Amino acid sequence: MRVTKATVHRACAVCERTLLQGEYALRFSPDGVEFVDVCPLCQDVALDYGWVREGGPTSPVLTPHGRRKRPRWAQLLGAKNGQPEPVVPEPLLRRLSDAEAALVEAADLFNASLFLRTVQGVARALGAPLVSIVPLSGVTGELVLTFAWEITWYQYRVLPEAAQPVRLADRGADISEIEPAFTEWNAALDDDGRIVPNIAR
Ligand SMILES: [Zn+2]
């Protein structure tokens, strides 16, 4: 059993129960980048979410620099080779405004990321999420994707120009915690398991 420094409070990322000092926790990665603690009772749920169990006995070394290699588990999870289908066919894309096209691009980037598996996994357990895609004001071109169910929500930032364009920004356990700016639900998880903005449906 690995002993983890527990000076700060650790909580199970699934049930959010605070783990006791020295309590055994499994390490899972929802996104292939960051690892979180999961209590033993929740390990099946984590697997069901599509989270990846830490493989070795040591902590993962997270390199802050450089591009991450294509994760080994992408294959194990049966990730499709190549690019996923764009959510909007080319002729329609040309008719969209710049603002609309930015939403479509953010959806495509998200659909190409491993985070989609987290959302699909939660949707299998809790049903279809409420989804919003909101551009942030400012020059970065960053957008925020929010996925909400009654009892959990995830918020991702999409920065199209970045080497790693999608990252988990925030999450919580109560839909009422989400800032109102992000609760105009303007997208959906479609039957194919992709995020599609309403303008493209
Ligand atoms: Zn738990």
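Our structure is the block above this text.
Analysis parameters
- Residues numbered from 1 in each chain as written.
- Predicted model: local features only at pLDDT ≥ 70, side-chain atom pairs only at ≥ 80, totals over all residues.
- Heavy atoms only, no water.
- Salt bridge = Lys/Arg side-chain N within 4 Å of Asp/Glu carboxyl O.
- Helix = DSSP H or I, 4+ residues; strand = E, 2+ residues; numbered from the N terminus.
- Expected span 1.5 Å × (residues − 1).
- Phe/Tyr/Trp six-rings, centres within 6.5 Å; stacked < 30°, edge-to-face > 60°.
- Buried < 20%, exposed > 50% of the residue type's maximum accessible area, 1.4 Å probe, protein only.
- Arc of directions from axis to C-beta.
- Pairing = 2+ DSSP bridges.
- Donors = N, O, S within 2.8 Å, 3.2 Å for Na, K, Ca; no water.
- Tetrahedral: all angles 85-135°; square planar, octahedral: opposite > 155°, others 65-115°.
- Core = buried A, V, L, I, M, F, W, Y, C linked by side-chain atoms within 4.5 Å.
- Contact = heavy atoms within 4.5 Å.

### Details of the pattern of salt bridges
All chains considered together, the criterion is met by six salt bridges. Among the charged side chains, a network of salt bridges with common partners joins Arg-10, Arg-27 and Asp-37.

### Considering helix H5 (residues 115-126)
Between its terminal C-alpha atoms H5 stretches 17 Å, which fits the 16 Å expected from 12 residues at 1.5 Å a residue. Two residues or fewer past H5, Gly-127 is found with a positive phi of approximately 95°.

### Considering the packing of aromatic side chains
For the coordinates displayed, the defined rule picks out seven aromatic pairs. Pairing Phe-147 with Tyr-156 gives two aromatic rings, centres 5.8 Å apart and planes at 70°, and the pair type is edge-to-face. Classification of Phe-147 by relative accessible area gives buried; the value is 0%. Clustering of aromatic rings is evident, with ring pairs tying together Phe-110, Phe-115, Phe-147, Trp-149, Tyr-154 and Tyr-156.

### Some remarks on helix H4 (residues 98-111)
The terminal C-alpha atoms of H4, which comprises 14 residues, lie 20 Å apart, in line with the 20 Å expected from a rise of 1.5 Å per residue. Residues of H4 that are buried: Leu-103, Val-104, Ala-106, Ala-107, Phe-110 and Asn-111. The buried residues of H4 occupy an angular sector of 160° when projected down its axis, which confines them to one face.

### A closer look at the sheet that holds strand E2 (residues 36-38)
One open sheet holds the three strands; their spatial order is E2-E1-E3, and the pairing between them is antiparallel. Strands with a single pairing partner mark the edges of an open sheet, and in this sheet they are E2 and strand E3 (52-53). Judged from the two bridges that link them, strand E1 (residues 26-29) and E3 form a sheet pairing that is antiparallel. Its bridge partner being in E3, Phe-28 is matched across the sheet by Arg-53.

### Details of the coordination of the zinc ion
Donor atoms from the polypeptide that bind the zinc ion are Cys-12 (SG), Cys-15 (SG), Cys-39 (SG) and Cys-42 (SG), placed at 2.3 to 2.4 Å. Taken together, the four donor atoms coordinating the zinc ion and their angles of 102 to 120° define a geometry best described as tetrahedral. Read in sequence order, the donor residues for the zinc ion give the motif C-x2-C-x23-C-x2-C. Looking at Cys-12, the relative accessible area reads 1%, which means it is buried.

### Topic: the nonpolar core
Inside soluble globular proteins, nonpolar side chains tend to come together where they are buried. Counting 41 residues, the largest nonpolar core has Trp-51, Phe-110, Ile-133, Phe-147, Tyr-156 and Ile-195 as its most contacted members. Looking at this core, the elements with two or more residues in it are E1, H4, H5, strand E4 (130-135), strand E5 (143-148), strand E6 (153-158), strand E8 (187-189) and strand E9 (195-197). In this view, Ile-133 contacts Leu-103, Ala-106, Ala-107, Leu-143, Val-144, Leu-145, Asn-186, Ala-187, Ile-195 and Pro-197; residues no more than four positions away in its chain are not counted. By size, the runner-up hydrophobic cluster in this structure holds six residues, among which are Val-134, Val-144, Ala-148 and Trp-153.

### Some thoughts on the side chain of Ser-132
Relative to the helices and strands, Ser-132 resides in strand E4. Accessibility expressed as a relative area gives 0% for Ser-132, which makes it buried. Setting aside residues up to four positions removed in sequence, Ser-132 forms contacts with Val-144, Leu-145, Thr-146, Phe-182, Glu-184, Trp-185 and Asn-186.

### Topic: the pairing of E5
Buried residues dominate E5, accounting for six of its six residues. In the sheet, E4 pairs with E5 via six bridges, with the strands oriented antiparallel. The partner of Pro-135 across the bridge, within E5, is Leu-143. Sheet topology note: the E5/E6 ladder contains six bridges and is antiparallel. Note on E6: the bridge partner recorded for Thr-146 is Gln-155. A loop of four residues connects E5 with E6, the two strands running antiparallel in sequence.

### Quick look at the pairing of E1
Two elements, E1 and E2, share three bridges in a ladder whose sense is antiparallel. Of the residues in E2, the one forming a bridge with Phe-28 is Val-36. Linking E1 back to E2 in an antiparallel pair, the connection comprises six residues, with Gly-32 at a positive phi of about 80°.

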